[in-house]
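So the chains spell out like this:
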Amino acid sequence: MQKQIKSALISVFYKDNLENIVKTLGQQGVTIYSTGGTQKFIEELGVKCVAVEDLTAYPSILGGRVKTLHPKVFGGILARRENPQDLEQLKQYEIPEIDLVIVDLYPFEETVKSTTEEQAIIEKIDIGGVSLIRAAGKNFKDVVIVASKDQYADLEKALVDGEGNTSLEQRRHFAAKAFEVCAHYDVAIAGYFLQNTEKEYFQLSVPQGQVCRYGENPHQKGVFYGDLTEIFDKLHGKELSYNNLVDVDAAVQLIAEFTETTFAVIKHTNVCGIASRPTLAAAWEAALAGDKESAFGGVLACNKVVDAATAQSISEIFFEILIAPGFEPAALEILQAKKNRILLLQKKSAKSAQMFKNVLNGVLVQDNDEGSFLTWNDTGAQPATAAQRTDLEFANIVCKHLKSNAIALVKDQQLVGKGCGQTSRIDALRHAIEKAHQFEFSLQGAVMASDAFFPFDDCVRIAKEEGITAVIQPGGSIRDNDSINYAKENGMVMVISGMRHFRH
């Protein structure tokens with residue numbers, strides 16, 4: 001059902017790319033109503049414009065808080081053109097029909113980011129704009145609503161192609177986008193007011209959907225919502241895939257835990273190699289040595305600027321992504337030799353306060369797993385030495401970032417063996433030992449971290465047999481004393497951290 005646009009209400013905060021639309025409406029003989037700065041903008045383009053104040057016979061009041069909230073505005077938008085009673089009332093009260101509404105919303109989110117002054121934030125809660133959007137969206141059968149500058153190009157094309165006429169399908173499309181804009185805006189405002197209040201609804205609205213090539217597998221669709229440019233500058237390479245993004249998240253969460261010069265290799269969200277060393281090149285070599293096989297095609301992350309020597313060494317293997325806080329020019333030149341290799345310069349932390357997961361017919365929400373240990377309780381034969389404590393803390397952090405059940409074996413701040421995603425803790429340990437042996441690491445003097453308690457003393461016994469001298473675990477088993485007593489009787493360090501790190 002085609003509808004001709006004969007009148008329009010335009011009142012916007014952002015006027016970018018609006019010029020062509022205004023001129024097109026003027027050329028098509030559309031009567032334009034407007035307010036304040038938008039009215040001035042339109043008139044400066046040489047297009048005639050009727051002030052909303054002249055339509056309503058009321059000025060803008062309360063410092064601009066009330067401009068368009070009037071029956072002569074909303075009646076013209078909400079009137080059903082096929083309803084004789086509505087049309088009669090328009091005639092009775094001298095209310096003109098309004099066929100097009102172009103309105104955007106005050107920049108509430110931008111204001112929240114730029115200031116903590118509450119009054120400034122409150123003043124950016126739009127009232128009239130939201131009301132106009134909802135009214136025009138509700139009456140989409142007769143009215144076109146454009147609620148964002150992102151829709152200007154679509155509107156301009158519709159006006160030109162349809163010579164001022166729009167179809168019901170087009171109007172419904174614009175209404176859907178408009179209600180989406182309102183919903184996002186309301187979630188942002190609710191989020192601001194609910195910062196210190198218990199929430200009754202799960203509300204999350206993230207703009208800028210970016211379609212991935214596919215989801216986790218080629219037969220699945222995938223979309224990423226968010227603005228990666230806030231966190232990264234992509235310096236080189238192809239577009240990030242769904243799986244790339246999942247691994248990048250795992251990598252940056254892990255590397256953020258370390259302050260010493262550290263390099264990490266991630267594969268399918270698990271750490272397969274990580275080490276801290278005095279130089280980045282040495283850290284890379286040690287991380288790679290931890291599992292040279294799994295590093296193939298992996299995601300690499302470090303916490304220092306990549307130099308040419310490190311870049312040359314890294315380039316000897318195939319990897320998907322390298323994340324770093326900076327790259328020396330010579331290093332970039334080396335790394336950019338492969339056209340698909342993704343290089344990400346990390347500008348800020350990617351940490352969030354909460355984590356979400358959709359399960360069954362709902363959503364699980366939990367706090368992020370912050371910290372490594374609650375207590376440092378030496379319960380073994382003797383307290384940990386300074387060197388052992390350094391390795392135990394390192395191992396505990398690594399273990400926190402492995403899928404459960406997880407065991408991490410560390411020696412001299414280098415991951416030398418890990419077992420993850422196992423259905424029993426002892427299988428995780430066996431896998432970790434097997435990995436260490438595969439790459440010819442001696443476990444004499446190594447330390448072991450477990451993401452959860454030992455239900456029996458079997459893991460500690462096996463660790464002792466392999467030469468492991470110190471263990472960290474959260475404790476909490478009714479049989480903790482079995483493992484603690486074995487450690488005491490066999491000269492082992494046993495630290496109870498009081499903090500479990502399950503990861504599913």
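The shown structure was predicted, so the numbers you read here are calculated from the model rather than taken from an experiment.

Caption draft 1: Structural view of the pattern of salt bridges. Within this structure, the stated rule accounts for 19 salt bridges. Among the salt bridges present, the one from Lys3 reaches Asp142, with a minimum N-O distance of 2.9 Å. Here the residue Lys3 occupies a position in strand β1 (residues 3–4), and Asp142 occupies one in the loop between α8 (128–138) and β6 (144–146), the gap between them amounting to 139 residues. Between Lys234 and Glu239 there is a salt bridge whose closest N-O contact spans 4.0 Å. When its relative accessible area of 36% is taken as the criterion, Lys234 is described as partly exposed.

Caption draft 2: Local environment of the nonpolar core. Counting 42 residues, the largest nonpolar core has Ile274, Ile323 and Val398 as its most contacted members. Among the elements that line this core, the one with the most residues is helix α11 (residues 242–255), at seven residues. Beyond its immediate chain neighbours, meaning those up to four positions away, Ile323 contacts Phe232, Val248, Ala251, Val252, Val299, Leu300, Ala301, Cys302, Leu344 and Gln346. Listed in part, the 30 residues of the second largest apolar core include Tyr33, Val52, Leu132 and Ala178.

Caption draft 3: A look at the sheet that holds strand β2 (residues 7–11). Pairing in this open sheet of five strands is parallel, and the strands run β4-β3-β2-β5-β6 from one edge to the other. Across the chains shown, the open sheet's two edge strands, defined by having one partner strand only, are β4 (50–51) and β6. Sheet strands in contact with helix α1 (residues 19–27) are β2, β3 (31–34) and β5 (100–103), and its direction is about 155° off that of β2. Lying on the sheet, α8 is in contact with β2, β5 and β6; it crosses β5 at an angle near 150°.

Caption draft 4: Fine view of the sheet that holds strand β18 (residues 377–378). Strand order in this open sheet of six strands is β18-β23-β22-β21-β19-β20, and the pairing throughout is mixed. The open sheet is flanked by β18 and β20 (415–419), the only strands paired with a single partner. The pairing of strand β22 (residues 470–473) with strand β23 (residues 493–496) spans four bridges and is classified as parallel. Bridge assignment links Ala470 to a residue of β23, and that residue is Val493. Its contacts with the sheet put helix α16 (residues 425–438) on β19 (407–410), β20 and β21 (447–450), and the angle it makes with β20 is roughly 145°.

Caption draft 5: Broad picture of the packing of α8 against helix α10 (residues 168–193). Contact geometry of α8 with α10 gives a least axis separation of 9 Å together with a crossing angle of 150°. Here α8 and α10 pass one another in a crossing that is left-handed. Facing Val130, Ile133, Arg134, Gly137 and Lys138 of α8, the residues of α10 in contact are Ala175, Ala178, Phe179, Cys182 and Tyr185. Here the contact of α8 with α10 is built from residues that sort into seven nonpolar, one polar and two charged.

Caption draft 6: Summary view of the side chain of Asn139. As for its position among the elements, Asn139 is in the loop between α8 and β6. Looking at Asn139, its side chain comes within polar contact range of the main-chain oxygen of Ile77, at 2.8 Å. The contact partners of Asn139, leaving out residues within four places of it in the chain, are Ile77, Leu78, Ala79, Arg80 and Arg81.

About the thresholds
Residues numbered from 1 in each chain as written. Predicted model: local features only at pLDDT ≥ 70, side-chain atom pairs only at ≥ 80, totals over all residues. Heavy atoms only, no water. Salt bridge = Lys/Arg side-chain N within 4 Å of Asp/Glu carboxyl O. Helix = DSSP H or I, 4+ residues; strand = E, 2+ residues; numbered from the N terminus. Buried < 20%, exposed > 50% of the residue type's maximum accessible area, 1.4 Å probe, protein only. Core = buried A, V, L, I, M, F, W, Y, C linked by side-chain atoms within 4.5 Å. Contact = heavy atoms within 4.5 Å. Pairing = 2+ DSSP bridges. Axes fitted to C-alpha atoms, helices over the stretch in contact; angles between N-to-C directions. Left-handed = near helix turned anticlockwise from the far one by under 90°. Nonpolar A, V, L, I, M, F, W, Y, C, P; charged D, E, K, R; others polar. Polar contact = N/O pair within 3.5 Å; in protein donor to acceptor, adjacent residues only side chain to side chain.

As far as function goes, none of this settles anything; it's purely spatial.
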